Amino acid sequence: QGRPPTRQSAGARTPAPGAMANGCKASPILKSYIDAGDTVGICVSGGLDSKTVALRLRLAGVKVKCFTADIGQPDEEDISDVVKKMAPCGVDTVVVDLKDAIAEGAFETVACMASYDGGYWQSTGVGRYVTARGLLQEMKKHGCTVLSHGATG
């Protein structure tokens, strides 16, 4: 009561109990990653969810590395755009070339006549396996110890 209020700049605010300096609520799980020196590998597309997850983890003080798969998908004119989209989050993003792996998986799927509902080739479903396997292998090479994904659903 007898102390005059102190004036602080917005950047020098003291976090509330249970909050971090960036204003986010402290998470015991994220704290455990930081304390253990874990590096979180995130599968990203460059969309809002990917950016939100990557930025939230980075601001919490977690070491983050992002990864995206190039399986030759036609919806990406230039796969390096994903790297550009993730850059404002302050994270490094690695593009993993999996075009040969998806081609091999698709050929095997067709050779096995693996189809769904009598005509939908399972090569699309195989893409999920190829992507997960390829990104996990690359994450291990980069020292990632925790897997995350930047997707809804």
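Residues numbered from 1 in each chain as written. Predicted model: local features only at pLDDT ≥ 70, side-chain atom pairs only at ≥ 80, totals over all residues. Heavy atoms only, no water.

What to know about the overall build of the protein chain
Helix and strand counts for the protein chain stand at 5 helices and 6 strands. Seen in sequence order, the protein chain has helices and strands lined up from the N terminus as α-β-α-β-α-β-α-β-β-α-β. With 153 residues in all, the protein chain has 28% of them scored as buried. For the protein chain, restricting intrachain contacts to residue pairs at least 6 apart in sequence, the fraction spanning at least 24 positions comes to 70%. For the protein chain, the accessible area works out to roughly 10,100 Å², and carbon and sulfur atoms hold 56% of it. (Helix = DSSP H or I, 4+ residues; strand = E, 2+ residues; numbered from the N terminus. Buried < 20%, exposed > 50% of the residue type's maximum accessible area, 1.4 Å probe, protein only. Contact = heavy atoms within 4.5 Å. Areas by Shrake-Rupley, 256 points an atom, 1.4 Å probe, with all protein chains shown as cover.)

Some points on unusual backbone geometry
Located in the positive-phi region is Met 113, a residue other than glycine, with phi close to 60°. Inspection of the secondary structure puts Met 113 in the loop between helix 4 (99-111) and strand 4 (115-116).

Here we look at the sheet that holds strand 2 (residues 63-70)
Here 4 strands make up an open sheet; going across it, the order is 3-2-1-6 and the pairing parallel. At either end of the open sheet lies a strand with only one pairing partner, and these are strand 3 (92-97) and strand 6 (146-149). Strand-to-strand twist in this sheet, taken as the mean axis angle between neighbours without regard to direction, amounts to 30°. In the sheet, strand 1 (residues 39-43) pairs with strand 2 via 5 bridges, with the strands oriented parallel. Paired with Val 40 across the bridge in strand 2 is Val 64. Against the sheet, helix 5 (residues 123-141) contacts strand 1, strand 2, strand 3 and strand 6, and its axis sits at roughly 140° relative to strand 2. (Pairing = 2+ DSSP bridges. Axes fitted to C-alpha atoms, helices over the stretch in contact; angles between N-to-C directions.)

Re the confidence of the model for the protein chain
Parts of the model with low pLDDT should not have their predicted coordinates read in detail. Mean pLDDT over the protein chain works out to 84, with 82% of the residues at or above the 70 mark. No element of the protein chain has a lower mean pLDDT than strand 5 (residues 120-121), which averages 76, and none a higher one than strand 3, which averages 97. Predicted confidence is poor over residues 3-17, with pLDDT under 50, and the contacts of this stretch with residues over four places away or in other chains come to 4 contacts. (pLDDT = per-residue confidence, 0-100.)

Quick word on the environment of Lys 84
Within the secondary structure, Lys 84 sits in helix 3 (residues 80-86). In the structure, Lys 84 is positioned 38 residues away from Gly 46 in sequence and 8.2 Å away in space, judged by C-alpha atoms.

Topic: the pattern of salt bridges
Following the criterion strictly, the structure yields 5 salt bridges and no others. A salt bridge links Asp 81 to Lys 84, with the shortest nitrogen-to-oxygen separation between them at 3.7 Å. Of this pair, Asp 81 and Lys 84 both sit in helix 3, 3 residues apart, which is roughly one turn of that helix. The partly exposed category is assigned to Asp 81, whose relative accessible area is 27%. One salt bridge in this structure joins Lys 141 and Glu 138, with 3.7 Å as the shortest N-O distance. Within this pair, Lys 141 and its partner Glu 138 are both found in helix 5, separated by 3 residues, close to a single helical turn. Judged by relative accessible area, Glu 138 falls into the buried class, the value being 18%. Each member of the salt-bridge network shares a partner with another, and the members are Asp 70, Asp 97 and Lys 99. (Salt bridge = Lys/Arg side-chain N within 4 Å of Asp/Glu carboxyl O.)

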